[in-house]
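# Geometric and topological summary
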Amino acid sequence: MAIYFLQVHPDFGLPLLSTQLFDGFGHMPPAPRWECRAPLPGALRQFFAFYAREFEWGREVVSVRLGRRCRAGGPEFTLLPNAADHRLHVEDPFLTGRNLNCVLGLEQEAQLQAALRAAEAALRGGGLPLGLGGVAVSAGGGLGLLAAGGDGPRGARRPSGLGPL
């Protein structure tokens, strides 16, 4: 999902990587060069914002093979199982007849979607997503590491209920 986000978001433009680069046969052409010039804190915020607010959950397919935004019912996905279901669709780039949503039950998928939305809301509100407890968002919007048992960066805020920095 991170690779797809970097491919389709206009601020990043990760080039498409042909699956032929990974087939293990013959001469391997050089992979295209790419460098993410965006600072990690901003990229992280945009990742969560993309999946929480922009990605068309249940209609769009995460396809690193194509590297562009496409609907599940499109001609590119005739082999994708259960494409008509209103669920997360993640195409296996090598076995295009496999929808990687098969590893998620409905409850786990709902939890994933809720966690992405909660992380985006926490970052938007100046807090921390659950699971990033070692990182604090400063009043200036940057990120800084929290030392174990120590104080956070100057002006850092922590979500309510987590105690003082």
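So, here is what we can say about the structure in this document. In this text the structure is predicted, and so the values were computed from the model without any measurement.

Conventions and cut-offs
Residues numbered from 1 in each chain as written. Predicted model: local features only at pLDDT ≥ 70, side-chain atom pairs only at ≥ 80, totals over all residues. Heavy atoms only, no water. Helix = DSSP H or I, 4+ residues; strand = E, 2+ residues; numbered from the N terminus. Buried < 20%, exposed > 50% of the residue type's maximum accessible area, 1.4 Å probe, protein only. Contact = heavy atoms within 4.5 Å. Areas by Shrake-Rupley, 256 points an atom, 1.4 Å probe, with all protein chains shown as cover. Core = buried A, V, L, I, M, F, W, Y, C linked by side-chain atoms within 4.5 Å. Expected span 1.5 Å × (residues − 1). Axes fitted to C-alpha atoms, helices over the stretch in contact; angles between N-to-C directions. Parallel < 35°, antiparallel > 145°, perpendicular 65-115°, else oblique. Left-handed = near helix turned anticlockwise from the far one by under 90°. Nonpolar A, V, L, I, M, F, W, Y, C, P; charged D, E, K, R; others polar. Phe/Tyr/Trp six-rings, centres within 6.5 Å; stacked < 30°, edge-to-face > 60°.

## Points about the overall build of the protein
Of the regular secondary structure elements, the protein holds three helices and four strands. Sequence-ordered secondary structure for the protein, helices as α and strands as β, is α-α-β-β-α-β-β. Expressed as a percentage of its 165 residues, the buried residues of the protein come to 34%. Taking all contacts inside the protein whose residues are at least 6 apart in sequence as the whole, residues at least 24 apart take part in 42%. When the accessible area of the protein is evaluated, it comes to approximately 10000 Å², of which 58% is carbon and sulfur surface.

## Thoughts on the nonpolar core
Grouped together as the largest cluster of nonpolar side chains are 17 residues, with contacts concentrated most on Tyr-4, Phe-50, Tyr-51, Phe-55 and Val-62. Elements represented by at least two residues in this core include exactly α1 (2-8), α2 (40-54) and α3 (106-124). Looking at this core element by element, the count peaks at five residues for α2. Ignoring any residue separated from it by four or fewer positions in sequence, one finds Val-62 in contact with Met-1, Tyr-4, Tyr-51, Phe-55, Leu-88, His-89, Val-90 and Glu-91. Grouped together as the second largest cluster of nonpolar side chains are seven residues, Val-61, Ala-72, Phe-77 and Ala-83 included.

## Looking at α2
The end-to-end C-alpha separation of α2 is 20 Å, in line with the 21 Å expected for 15 residues at 1.5 Å each. Looking at α2, one finds that the buried residues are Ala-43, Phe-47, Phe-48, Ala-49, Phe-50, Tyr-51 and Ala-52.

## Considerations on the packing of α2 against α3
The N-to-C vectors of α2 and α3 enclose an angle of 130°; their axes lie 8 Å apart at closest approach. Considering the angle they form, α2 stands oblique to α3. The two elements α2 and α3 cross, and the hand of that crossing is left-handed. Between α2 and α3, the residues in contact are Leu-44, Arg-45, Phe-47, Phe-48, Ala-49, Tyr-51, Ala-52 and Arg-53 and Leu-116, Arg-117, Ala-119, Glu-120 and Leu-123, respectively. Counted by class, the contact of α2 with α3 contains nine nonpolar, no polar and four charged residues.

## Considering the side chain of Glu-120
Summarising the element assignment, Glu-120 is placed in helix α3. Residues contacting Glu-120, with those up to four places away along its chain left out, are Phe-48, Ala-49, Ala-52 and Arg-53.

## A word on the environment of Leu-16
With respect to the helices and strands, the residue Leu-16 is situated in the loop between α1 and α2. Along the chain, Leu-16 and Ala-31 lie 15 residues apart, while their C-alpha atoms are 9.4 Å from each other. Ignoring sequence-local partners within four residues, the contact set of Leu-16 consists of Gln-7, Pro-32, Val-64, Arg-65, Leu-66 and Gly-67.

## Notes on the packing of aromatic side chains
For the coordinates displayed, the defined rule picks out 11 aromatic pairs. Seen in terms of ring centroids, Tyr-4 and Phe-50 are 6.3 Å apart; in terms of plane orientation they differ by 55°. Their pairing is tilted. Remark: Phe-50 occurs in helix α2 and Tyr-4 occurs in helix α1; sequence separation between them is 46 residues. Centroid distance Phe-50 to Phe-55: 6.0 Å. Interplanar angle 55°. Geometry classified as tilted. We classify Phe-55 as buried; its relative accessible area is 6%. Following the ring pairs from residue to residue traces out a cluster consisting of Tyr-4, Phe-5, Phe-12, Phe-47, Phe-48, Phe-50, Tyr-51, Phe-55 and Trp-57.

## A word on the environment of Gly-13
Inspection of the secondary structure puts Gly-13 in the loop between α1 and α2. Linking Gly-13 and Glu-35, residues 22 residues apart in sequence, is a C-alpha distance of 9.5 Å. For Gly-13, the contacting residues outside a window of four places in its chain are Leu-6, Gln-7 and Trp-34.

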